[in-house]
Amino acid sequence: MQTIADRLTNARQEIEHAIANAHRPAHCVRLLAVSKTKPVSDITAAYEAGQRQFGENYIQEGVSKIEQLKTLTDIEWHMIGPIQSNKTKLVAEHFDWVQSVDRLKIARRLNEQRPAHMPPLNVCIQLNVEQEATKSGIVPDELADIVDAITAMPNLRLRGLMAIPAANVGETQQRETLSRLQTLYEQLQAKVDGIDTLSVGMSNDMTLAIAHGSTMVRIGTAIFGARG
Ligand SMILES: *Cc1c(COP(=O)(O)O)cnc(C)c1O
C-alpha cells in the first residue's frame, strides 16, 4: 500500500514532469496539500515527508488543526474554502494565507481583524472567469476595483489569483479558461508589485494548468486518499 510520503513523491514528480513539458523552470510550481476532512496524523505524515503548505476548506476544522499543530511553526496554512463574513475573525487570527477572497467585504473584514502582532495576511482574489452564476468569485470586470482596494489595505498582502475552473468540460474550453486566467494574472503582475501566485490546477487539470502558467496546484485526494 502506498503511504502519504509515496503519494507526495509521485505528486511532486508529476508536477516537475508537467513543468518540463511546458518548458518552464524547475520548481516553479508549488504544491498545496489539501488536507480538509483528514486527521492531524495525516498532516504530520506529510510534514515529515517535507510538505509545508497545507490547504483547509472549513474554518473551524482548519483552526482546530492549526492549534493542534502549532509547534510545527514552519507550516504555512492556506484557507481555500468559502468564507461567511461572520467567520472572518477566526480566519484573520489563524491562517497565513486566504486564497478564497471572493468579495470586497471579506477583504475589508480580514484587514480590520488581522492582529497587529502578526505579519500581513497573504491573499489571493478568487476569480470566476467562466461567470457561472452558481460559482463564487470575482468576475473579470470587477477585478481592477478590488485589486485597488486590497493593495491599499495595510494588513493584507495581495499575492495573486485563485480559480477553480469547471471540471466537466472539454479540453478546448479548459484551455480557453486557463489562458484567460493567465492573461489576467500577467496583467496583474505588470500592475502590482509582489504578485507571484496563480493558484489553479487540481488533480484532473494539473498538467494543463501548469502549461498555462500556474504557480500553485492544490491536491487533496491524490495525496491523502478519498474523503469519506
Ligand atoms: C478540495 C479542494 C481541492 C483538492 O481537491 P482534490 O480533488 O481532493 O484533489 C483543491 N482546491 C479546492 C478549492 C478544494 O476545495
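Our subject is the structure listed above.
About the cut-offs
- Here the residue numbers are simple positions, counted from 1 along each chain's written sequence.
- Totals for whole chains, interfaces and linings use all residues, but because this is a predicted model, local features are given only for residues with pLDDT of at least 70 and pairs of side-chain atoms are given and counted only at 80 or more.
- Neither water nor hydrogens contribute to the side-chain values; these are computed over all heavy atoms in the structure.
- When accessible area is computed with a 1.4 Å probe and restricted to protein chains, residues below 20% of their type maximum are described as buried, those above 50% as exposed, and intermediate ones as partly exposed.
- Secondary structure elements follow DSSP: runs of H or I of four or more residues count as helices, runs of E of two or more count as strands, with numbering from the N terminus.
- By definition in these notes, contact holds between two residues if any of their heavy atoms fall within 4.5 Å.
- The rule for a residue being near a molecule or strand is that one of its heavy atoms must lie within 4 Å of it.
- Here a polar contact is taken to be a pair of N or O atoms separated by no more than 3.5 Å, where protein atoms must pair a possible hydrogen donor with a possible acceptor and residues adjacent in sequence count only if both atoms sit in side chains.
- All accessibility values rest on the Shrake-Rupley procedure with a 1.4 Å probe; residue burial counts only the protein chains present in the view.
- Counted as salt bridges are all cases of a side-chain nitrogen of Lys or Arg within 4 Å of a carboxyl oxygen of Asp or Glu.

1. Digging into helix H5 (residues 104-113)
What sets the pattern is the α-helix's 3.6 residues per turn: residues three or four places apart point alike.
Here comes step 1: All of the buried residues in H5 are Ile106, Ala107, Leu110, Asn111 and Gln113.
Here comes step 2: On its buried side, H5 packs onto helix H4 (88-94), strand S4 (97-101), strand S5 (121-127), helix H6 (140-151) and strand S6 (156-163).

2. Let's talk about the site of the ligand
Here comes step 1: Around the ligand, the structure places Val34, Lys36, Asn57, Ile80, Ile164, Met202, Ser203, Arg218, Ile219, Gly220, Thr221 and Arg227.
Here comes step 2: Between Asn57 and the ligand, the recorded distance is 2.7 Å, taken from a side-chain N or O atom to an oxygen atom.
Here comes step 3: One of the side-chain nitrogen or oxygen atoms of Arg218 is found 2.9 Å away from a nitrogen atom of the ligand.
Here comes step 4: Protein chains bury 87% of the 390 Å² of accessible surface belonging to the ligand in isolation.

3. Overview of the pattern of salt bridges
Pairing between side chains becomes possible if they bear opposite charge and their charged atoms approach one another.
Here comes step 1: With the rule as written, the count across this model stands at eight salt bridges.
Here comes step 2: The partner of Arg103 in a salt bridge is Asp102, and the shortest N-O contact between them spans 3.0 Å.
Here comes step 3: Taking relative accessible area as the criterion, Arg103 reaches 31% and is therefore assigned partly exposed.
Here comes step 4: Asp102 gets classed as buried once you look at its relative accessible area, which sits at 11%.

4. Here we look at the environment of Val200
Here comes step 1: The topology assignment puts Val200 in the loop between strand S7 (197-199) and helix H8 (206-211).
Here comes step 2: For the pair formed by Val200 and Arg30, sequence separation is 170 residues and the distance between their alpha carbons is 11 Å.
Here comes step 3: Val200 has contacts with Ala163, Pro165, Leu178, Leu181, Ala209, Ser214, Met216, Val217 and Arg218, leaving out every residue within four places of it along the chain.

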